[in-house]
Amino acid sequence: MAEIPVIMGQVLSSGVKTIVGSVRYKHLHERLFTPWRDARTKQGYQRKPAQGRILKLMMEIRRGRVDIPTAVLLNARHESWDAALEEQPDGDCSSFDLSAYKGTLSVVDGQHRLAAFRGLMVEDPEKYGDFKIQFVMMLGADEGQELEQFYIVNSTAKSVKTDLAYDLLKQRAEHDGKVMTGLIESGQDWKVEAQAITEMMADSSDIWRNRIRLANEDRGITTIPSASFVTSLRKFLNYPLLKNVGRDRKFQILESYWRGIRSAMPDPFKENQKYTLMKGIGVWAMHEILPEIAELVRSNGGSLLEDDNYAELLQPMFDQLDGENKDAEFVKGADFWLTAPKGGAAGSYSSSAGKRVLISKLLNGLPDLELE
């Protein structure tokens, strides 16, 4: 195939013409050039491709789990683009003759997608060579103009917020078994379960109703975004005891646990905005130690669905928990969880090293596990 049907796109502010169309990958295969940045010669502008990202995309395409509906951005630098372009009288629909174009095509945006097809075509030239690639092509732009478009595309794009990403991931997994299979293979399936449980807590929990901020919701009286709550559940959901436990029962365990926390230390639940316990660091810490708490409850012959079994273990732990606040004063008990301006200490443990210290302090306040 030599001629590609195209539509005339908008003319860029720099005066560069663009065309829009689709072409089978095999017709692009030997024409593509990626201008990687060389910091010494100051040539090029592209980052080197991430091989892990390419291999993952190849796997997903191979298994039919993803499509590539978004267009790549190319540029025909060579002056022969003018001879290759045949415009119609209406100035809208045209064709681009690849055999008449004598240069390479610069990959301005989309190098990972195109590199994935390069690898797949080695495996199966017929199948993947015929895959249609959607493209926008600049005509005659120089490297500086390419760099400008690359910068605009990559610096102004806004990544999806994590809370919305988790929400959409759960929706995709529930409607497409291939998505869930991929998550299980990569060990990421806990995210779907965590999102579902977080939504249950936000809607039905005595403790957490109206306190968890779901995607695109206003802050209001909430204390924690759903993304933080979701990520805090990872260790709890990977707890071996829960592998064959249904979602409703996991919710009940979590709800009983938080009721037990409230019984053991009521103050943070009366004025939750003044304390960090129902915010990021507090929620993460309490969920991080939940498997150890659950083992202690079970070793005592107790049920994981009884609030009092948690409160009995947690009250001594909270009572002896102490730390130094920003004024170098020791605070203890509920005061440990006060927000920083109020004189608490928990906020000072938010770094990676600090989190490890905080977990150690919490666990040291628990009784030893009976192994007999």
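About the cut-offs
- Per-chain numbering applies: the sequence of each chain, read as written, is numbered from 1 onward.
- Per-residue local features of the predicted model are confined to residues with pLDDT of at least 70, and side-chain atom pairs are confined, for both listing and counting, to 80 or more; whole-chain, interface and lining totals are unaffected and use all residues.
- Side-chain descriptors were evaluated using all non-hydrogen atoms of the structure, hydrogens and water having been removed beforehand.
- Put simply, DSSP marks the helices as runs of H or I at least four residues long and the strands as runs of E at least two long, and each gets a number from the N terminus on.
- Expected span of a helix, by definition, is 1.5 Å for each gap between consecutive residues, and there is one gap fewer than residues.
- Throughout, exposure labels follow a simple rule: accessible area from a 1.4 Å probe, protein chains only, divided by the maximum for the residue type, with under 20% read as buried, over 50% as exposed, and the rest as partly exposed.
- Arc definition: directions from the helix axis to the C-beta atoms.
- Whether two residues are in contact is decided by their heavy atoms: any pair within 4.5 Å suffices.
- For this analysis, a polar contact is any N or O atom pair within 3.5 Å, provided that within protein one partner can donate a hydrogen and the other can accept it, and provided that sequence-adjacent residues contribute only side-chain to side-chain pairs.
- Two strands are counted as paired when DSSP detects at least two bridges linking them.
- Working convention: axes come from line fits to C-alpha atoms, limited for helices to the stretch in contact. Angles between N-to-C directions cover 0 to 180 degrees.

**Section: helix α6 (residues 143–156)**
With 14 residues, α6 ought to run about 20 Å at 1.5 Å a step, and its terminal C-alpha atoms sit 20 Å apart, in line with that. For α6, every residue scored as buried is listed here: Glu146, Gln149 and Phe150. The buried side chains of α6 occupy one side of the element, clustering within an arc of 100° when seen end-on. Residues of α6 that are exposed and point more than 90 degrees away from the buried face comprise Tyr151 and Thr156. Structurally, α6 contributes buried residues whose contacts are with β4 (72–76), β7 (105–109) and β8 (132–139). By the N-cap criterion, in which a side-chain oxygen at the helix start approaches the backbone nitrogen of a residue two or three places on, α6 is capped by aspartate 142, the distance to glycine 144 being 3.1 Å.

**Description of helix α15 (residues 290–299)**
It helps to recall that an α-helix has 3.6 residues per turn; residues three or four apart then point in one direction. Turning to α15, its buried residues number three or more, namely Leu290, Pro291, Ile293, Ala294, Leu296 and Val297. In this fold, the buried residues of α15 make contact with α11 (234–237), α12 (247–264), α14 (280–288) and α16 (307–320). Immediately downstream of α15, the backbone of glycine 301 shows phi near 80°, a positive value.

**A word on the sheet that holds strand β3 (residues 32–33)**
Read across the sheet, eight strands follow the order β3-β7-β4-β8-β2-β1-β6-β5 without closing on themselves; strand pairing throughout is mixed. The strands lining the two open edges of the sheet, one partner per strand, are β3 and β5 (85–87). One ladder, built from five bridges, connects β4 with β8; its direction is parallel. Residue asparagine 75 lies in a different strand from β8, and its bridge partner there is methionine 138. Against the sheet, helix α4 (residues 111–123) engages β3, β4, β7 and β8, with an angle of about 125° to β7. Against the sheet, α6 engages β4, β7 and β8, with an angle of about 25° to β7.

**With respect to unusual backbone geometry**
The phi dihedral of asparagine 216 falls on the positive side, at around 70°, and the residue is not glycine. Mapped onto the secondary structure, asparagine 216 falls in the loop between β9 (212–213) and β10 (224–225). The phi dihedral of alanine 328 is positive, around 65°, even though this residue is not glycine. Summarising the element assignment, alanine 328 is placed in the loop between β11 (322–324) and β12 (330–332).

**A closer look at the pairing of β8**
Relative to β8, strand β2 (residues 17–24) is paired through eight bridges, and the arrangement is antiparallel. For valine 23, the partnering residue across the bridge sits in β8 and is isoleucine 133.

**Quick look at the environment of valine 245**
One can find valine 245 in the loop between α11 and α12. By relative accessible area, valine 245 is classed as partly exposed at 21%. Separated by 116 residues in the primary sequence, valine 245 and glycine 129 place their C-alpha atoms 46 Å from one another.

By themselves, these figures tell us nothing about what the structure is for.
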